[in-house]
Amino acid sequence: MSQSLTLRRPDDWHLHLRDGAMLRAVLPESARHFARAIIMPNLVPPVVTSDDARAYRDRIIAALPEGAAFTPLMTLYLTEETAPADVARAHAEGLITAVKLYPAGATTNSASGVRDFDKVRPVLEAMAEAGCPLCVHGEVTDPEIDIFDREAVFIDRVLDPVRRATPGLKVVMEHVTTRDGVEYIKSADSGLGGTITTHHLIINRNHILVGGIKPHYYCLPVAKREEHRLALRAAATGGDARFFLGTDSAPHTDANKQSACGCAGCFTATNTMSILAHVFEEENALDRLEGFAALNGPVFYGLPANEDTISLTKTDQPVAYPEQIVTGDGPVTVFDPGFPLYWQVG
Ligand code: NCD
Ligand code: ZN
C-alpha cells in the first residue's frame, strides 16, 4: 500500500518570478503546485509604485500557462521616496498584499532599499493603519558585521525598534535562518510571523563550503551553522502558526551562479513540496505539513485558505526531477537536496 497525503493547496509566501523569458520559464514551476504567492518586487528597476505593481501583475498573468489557476499577490519595494498614500490606495484596492523592506545593499537588486529608517516611518504608519503587512529582509548591511551575524544584529538594531515605534504594524520576518530569528518571532505577542525556506531546512554552511565551493547552495541570507538549521526544522514542523512557507525560490542562470562573483539564490519551486514532505516525515510531523504550507500563511495575511487540495504519494522509486530547467536566458539549476525524494505530488 503506498502512503498518501492530501492537503489544502499550498501557497508560497515569498517567491521571485523575475520578468521576460525567465518569468515565462519559472512561473509554470510554481503554478503547478501553488495557488498563490507573494511576489518579490526586486526587479531591475524595482517595483516601487502601484502602477509598476499593476503592470508587473499583468505581465505575470499573461505569462501563465493555459488553464493555470495561480494568483500573484503583489508587493511594493519600499524606498525612501515611497508615498504613503500610494501604498494605502494600492492595498485598499487589493492591488498589493504587502510591502517589502530591503535594507539597501542587503541582497540581489537591493540598491534602492532603505538606508535611513526614519524616512519611511510615515509609510509604515499608513500601513499599520491600513493593515498592510511589511515583509522584511532581515539582515544589516554594515560591512563591520560578519555575514553570519547579520540576521541577529538586524533584530536588535532594526526590527525590534521598528516594531516598537509602529505598534499595530504586521511584520513578516522573511527567510528566517537562525535560532535567534525563531526565538524573536516566538517572543512576540502578535503581529509578527516568519517565513522559512525549503533550502534552509536542508543545508547548513558546510554544504556551501566543504569539499569545494557550491554556488547552487549560496543564497541570502546565507545558510548558517547546523544548530540553526535544526532550530528552523523544529519551528517549521512544530505546529506554531507563526511560521509558514516562503520558498524564496530565486532563479539565476547557471552562468550567473557559476561565476567568480556568483549570484545568491536557490531555485526550489520545482521540488519544494517533495522536499517538504520528506522533511516533515523525518520529523514525524506529516500531519503538520498542511499548517505550514497551506493554513498558517492565510491566517497571518487574513485571507481564506485555498478550497482545493493537492495529494502527495510516497513512491518506491525516487521521483525524477530535472537537474535544470530551460529558460530563454540559459539553464537554471534546480535545488538538489542531496538525497533521493520519494514523495510525489499527484
Ligand atoms: C534573492 C534574489 O535572487 O532575488 N536571492 C536570495 O539569495 N534569496 C534575493 C533575496 O531574497 O534575498
Ligand atoms: Zn527572496
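The present account deals with the structure reproduced in this document. Keep in mind it's a predicted model, so treat the numbers as computed, not measured.

A few words now on the overall build of the protein. Counting its secondary structure elements, the protein contains 11 helices and 13 strands. Relative to the compact-globule value of 20 Å for 346 residues, the protein shows a C-alpha radius of gyration of 19 Å, a close match. Overall, the C-alpha framework of the protein stretches about 55 × 45 × 40 Å when taken along its three principal axes. For the protein, with 346 residues in total, the buried portion stands at 57%. With an accessible surface of roughly 14100 Å², the protein has 50% of that area assigned to carbon and sulfur atoms. Averaged over its 31 positive side-chain charges, the protein has a centre that lies 1 Å from the centre of its 44 negative ones.

Note: α-helices contain 3.6 residues per turn, so residues at a spacing of three or four share the same orientation. Helix length check: helix 8 (residues 226-237) (12 residues) gives 16 Å between terminal C-alpha atoms against 16 Å at 1.5 Å per residue, within 8%. Looking at helix 8, one finds that the buried residues are H228, R229, A231, L232, R233, A235, A236 and T237. Close packing links the buried residues of helix 8 with helix 6 (179-187), strand 8 (192-196), strand 9 (243-245), helix 10 (272-282) and helix 11 (289-301). Of the residues trailing helix 8, G239 is marked for its positive phi of about 85 degrees.

Moving on, we get to the sheet that holds strand 10 (residues 309-314). Pairing is antiparallel across the open sheet formed by three strands, whose spatial order is 1-10-13. Each edge of the sheet is formed by a strand with only one pairing partner; in this case those strands are strand 1 (4-8) and strand 13 (343-345). Between one strand axis and the next, the sheet turns by 25 degrees as a mean value, whatever way the strands run. Pairing geometry for strand 10 and strand 13, over three bridges, is antiparallel.

Attention now moves to the sheet that holds strand 2 (residues 12-15). Reading across from one edge, 2-3-4-5-6-7-8-9 is the order of the eight strands in this open sheet, with parallel pairing throughout. Each edge of the open sheet is held by one strand with a lone partner, namely strand 2 and strand 9. Strand after strand, the sheet turns through a mean of 30 degrees between neighbouring axes, direction not considered. Of the pairings in the sheet, the one linking strand 6 (residues 134-136) to strand 7 (residues 171-173) comprises three bridges and is parallel in character. Directly across from C135, in strand 7, lies its bridge partner V172. Of the strands in this sheet, strand 6, strand 7 and strand 8 touch helix 5 (residues 150-165), which is tilted by about 180 degrees from strand 7. Along the sheet, helix 6 contacts strand 7, strand 8 and strand 9; its crossing angle with strand 8, the most-contacted strand, is approximately 150 degrees.

The next thing to look at is the pairing of strand 10. Across five bridges, strand 1 lies against strand 10 in antiparallel orientation. Residue S4 lies in a different strand from strand 10, and its bridge partner there is T313.

With that out of the way, let us pick up the nonpolar core. Most often, soluble globular proteins keep nonpolar side chains buried together rather than apart. Membership of the largest hydrophobic core comes to 92 residues, with the highest contact counts inside it found for L17 and I96. With near-sequence residues (within four places) excluded, I96 lies in contact with A53, M74, L76, V87, A90, H91 and C132. In this structure, W13, I38, Y77 and V172 belong to the second largest nonpolar core, which totals 12 residues.

The local shell around ligand 1 holds 15 residues, among which N42, T107, L220, D248 and H252 are the closest. Within the side chain of N42, an N or O atom sits 2.8 Å from an oxygen atom of ligand 1. Relative to its unbound accessible area of 310 Å², ligand 1 is 100% covered by the protein chains. A breakdown of the residues in the shell around ligand 1 according to their chemical character gives four nonpolar, nine polar and two charged.

With distances of 2.0 Å, the protein atoms coordinating the zinc ion (ligand 2) are H14 (NE2), H16 (NE2) and D248 (OD). Around the zinc ion (ligand 2) sit four donor atoms, and with donor-metal-donor angles ranging over 91 to 139 degrees the site reads as irregular. For the zinc ion (ligand 2), the donor residues sit on a single chain with the sequence spacing H-x1-H-x231-D. On the criterion of sequence distance, the pair formed by H16 in the loop between strand 2 and helix 1 (20-31) and D248 in the loop between strand 9 and helix 9 (254-257) is long-range, its members being 232 residues apart. Just as H16 is buried, D248 falls in that class too.

Quick notes on the rules
Residues numbered from 1 in each chain as written. Chains lettered and ligands numbered in written order. Predicted model: local features only at pLDDT ≥ 70, side-chain atom pairs only at ≥ 80, totals over all residues. Heavy atoms only, no water. Helix = DSSP H or I, 4+ residues; strand = E, 2+ residues; numbered from the N terminus. Rg over C-alpha atoms; globule rule 2.2 N^0.38 Å. Buried < 20%, exposed > 50% of the residue type's maximum accessible area, 1.4 Å probe, protein only. Areas by Shrake-Rupley, 256 points an atom, 1.4 Å probe, with all protein chains shown as cover. Lys, Arg positive; Asp, Glu negative; His and termini not counted. Charge placed at Lys NZ, Arg CZ, Asp CG, Glu CD. Expected span 1.5 Å × (residues − 1). Contact = heavy atoms within 4.5 Å. Pairing = 2+ DSSP bridges. Axes fitted to C-alpha atoms, helices over the stretch in contact; angles between N-to-C directions. Core = buried A, V, L, I, M, F, W, Y, C linked by side-chain atoms within 4.5 Å. Near = heavy atom within 4 Å. Polar contact = N/O pair within 3.5 Å; in protein donor to acceptor, adjacent residues only side chain to side chain. Nonpolar A, V, L, I, M, F, W, Y, C, P; charged D, E, K, R; others polar. Donors = N, O, S within 2.8 Å, 3.2 Å for Na, K, Ca; no water. Tetrahedral: all angles 85-135°; square planar, octahedral: opposite > 155°, others 65-115°.

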